[in-house]
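# Breakdown of the fold
Below are the chains, spelled out letter by letter.
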Amino acid sequence: MSVLPLVFTSGWASGINAYAVVLLLGVFGATGLSDEVPASLQRTDVLVVAGVLFLCEVVADKIPYVDSVWDSAHTVIRPVAGAVVAALLAGESGSLPELAAGAVGGSTALMSHLVKAGTRMAVNTSPEPFSNVAVSTAEDLGVAGIVTFAIFHPLVAAVIAGALLLLGMVMLVFLVSRIRRFLRRRAQRREEKRRAGAGSYWPLD
């Protein structure tokens, strides 16, 4: 069977939590649950680094405004990770050219990342922190569940990932106004900090 469904699903999941994808695939390969996982993802050092970064993301992703800063920093990292994982999966199976797999994985990761980042901006318009925790936990469980499901049922998992991506993009359209309000508030806070910093300096005689 072509590795394309697993490539698409891993790309979608990488756009949400790339470290979880690398960690899960590496564990599945190292434990013998899947023959699709390349040896480079099963290395101990890769698993340790992915595990540490995953824990950092778990914490940062649940703190209001910190999650948006974290998302901004990962605008490049997640699509690149999605492309690399996809290319490695394609190279392992030999059923799909690595360049094509990288393009699918990277572009899918970019789209899901934009949906995630935009949704978080909308969630941050709410003053309470519990919605951040709930959304982040749902994302973590969703990535873990669908990537695990993709190992055994790649085609069905790809359909689910595609439906979730489409649903997220539609939902994001309705959240645009809240996102704009979040960006205005953030710009206002930066301006207030800048003015406060400028006012702290007293002119010298």
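Okay, so let's go over this structure.

What counts and how
- Residues numbered from 1 in each chain as written.
- Predicted model: local features only at pLDDT ≥ 70, side-chain atom pairs only at ≥ 80, totals over all residues.
- Heavy atoms only, no water.
- Helix = DSSP H or I, 4+ residues; strand = E, 2+ residues; numbered from the N terminus.
- Expected span 1.5 Å × (residues − 1).
- Buried < 20%, exposed > 50% of the residue type's maximum accessible area, 1.4 Å probe, protein only.
- Arc of directions from axis to C-beta.
- Patch = residues over 30% accessible without salt bridge, like charges linked within 9 Å, V, L, I, M, F, W, Y side chains within 5 Å.
- Areas by Shrake-Rupley, 256 points an atom, 1.4 Å probe, with all protein chains shown as cover.
- Salt bridge = Lys/Arg side-chain N within 4 Å of Asp/Glu carboxyl O.
- 1 Å grid on protein atoms, 1.4 Å probe; cavity = no way out; pocket = protein on both sides within 12 Å on 5 of 7 lines; lining within 4 Å.
- Points joined across faces, edges and corners; volume = space filled by probe spheres on them.
- Nonpolar A, V, L, I, M, F, W, Y, C, P; charged D, E, K, R; others polar.

This next bit is on helix α7 (residues 154-174). Each α-helix winds once per 3.6 residues, and so residues spaced three or four apart point in a common direction. Between its terminal C-alpha atoms α7 stretches 31 Å, which fits the 30 Å expected from 21 residues at 1.5 Å a residue. The set of residues buried in α7 consists of P154, A157, A158, A161, L165, G168 and L172. Viewed end-on, α7 has its buried residues packed into an arc of 100°, placing them on one side of the element. Seen from the buried face of α7, the exposed residues on the opposite side, beyond 90 degrees, are L155, V159, L166, L167, V173 and F174.

What follows covers a nonpolar patch on the surface. Taken together, F149, V156, I160, L164 and L167 make up a surface patch of nonpolar side chains, about 400 Å² in accessible area. Along the chain, the position of L167 falls in helix α7.

Moving on: helix α3 (residues 66-73). The set of residues buried in α3 consists of D67, S68 and D71. Projected down its long axis, α3 shows its buried positions confined to an angular sector of 100°, all on one face. Exposed positions of α3 whose direction lies more than 90 degrees from the buried face are V69 and A73.

Next up on the list: the layout of surface pockets. Counted as a void, the largest pocket has a volume near 360 Å³. Lining the largest pocket are 16 residues, and of these W12, I16, V115, E139 and L164 lie nearest its centre. For the lining of the largest pocket, the secondary structure elements donating two or more residues are α1 (4-30), α5 (98-123), α6 (130-152) and α7. A class-by-class count of the residues in the lining of the largest pocket yields 10 nonpolar, 4 polar and 2 charged. One number sums up the size of the second largest pocket: a volume of about 230 Å³. The wall of the second largest pocket is formed by 16 residues, among which V22, L41, V46, A50 and A81 lie closest to the centre. Looking at the lining of the second largest pocket, the elements that each hand over two or more residues are α1, α2 (44-60) and α4 (77-93). Broken down by element, the lining of the second largest pocket gets its largest block of residues, 6 residues, from α4. Of the residues belonging to the lining of the second largest pocket, the class tally is 14 nonpolar, 1 polar and 1 charged.

For the structure on display, the rule yields 9 salt bridges. Two residues, K62 and D140, come together in a salt bridge whose shortest N-O distance is 3.0 Å. Within this pair, whereas K62 is found in the loop between α2 and α3, its partner D140 is found in helix α6, the two being separated by 78 residues in sequence. For the pair K62 and D140, one class covers both residues: buried. When the shortest N-O distance is used, the salt bridge between E139 and R120 registers 2.9 Å. Remark: R120 occurs in helix α5 and E139 occurs in helix α6; sequence separation between them is 19 residues. On the accessibility criterion, E139 (15% relative accessible area) is buried.

All we've got here are geometric facts, nothing functional implied.
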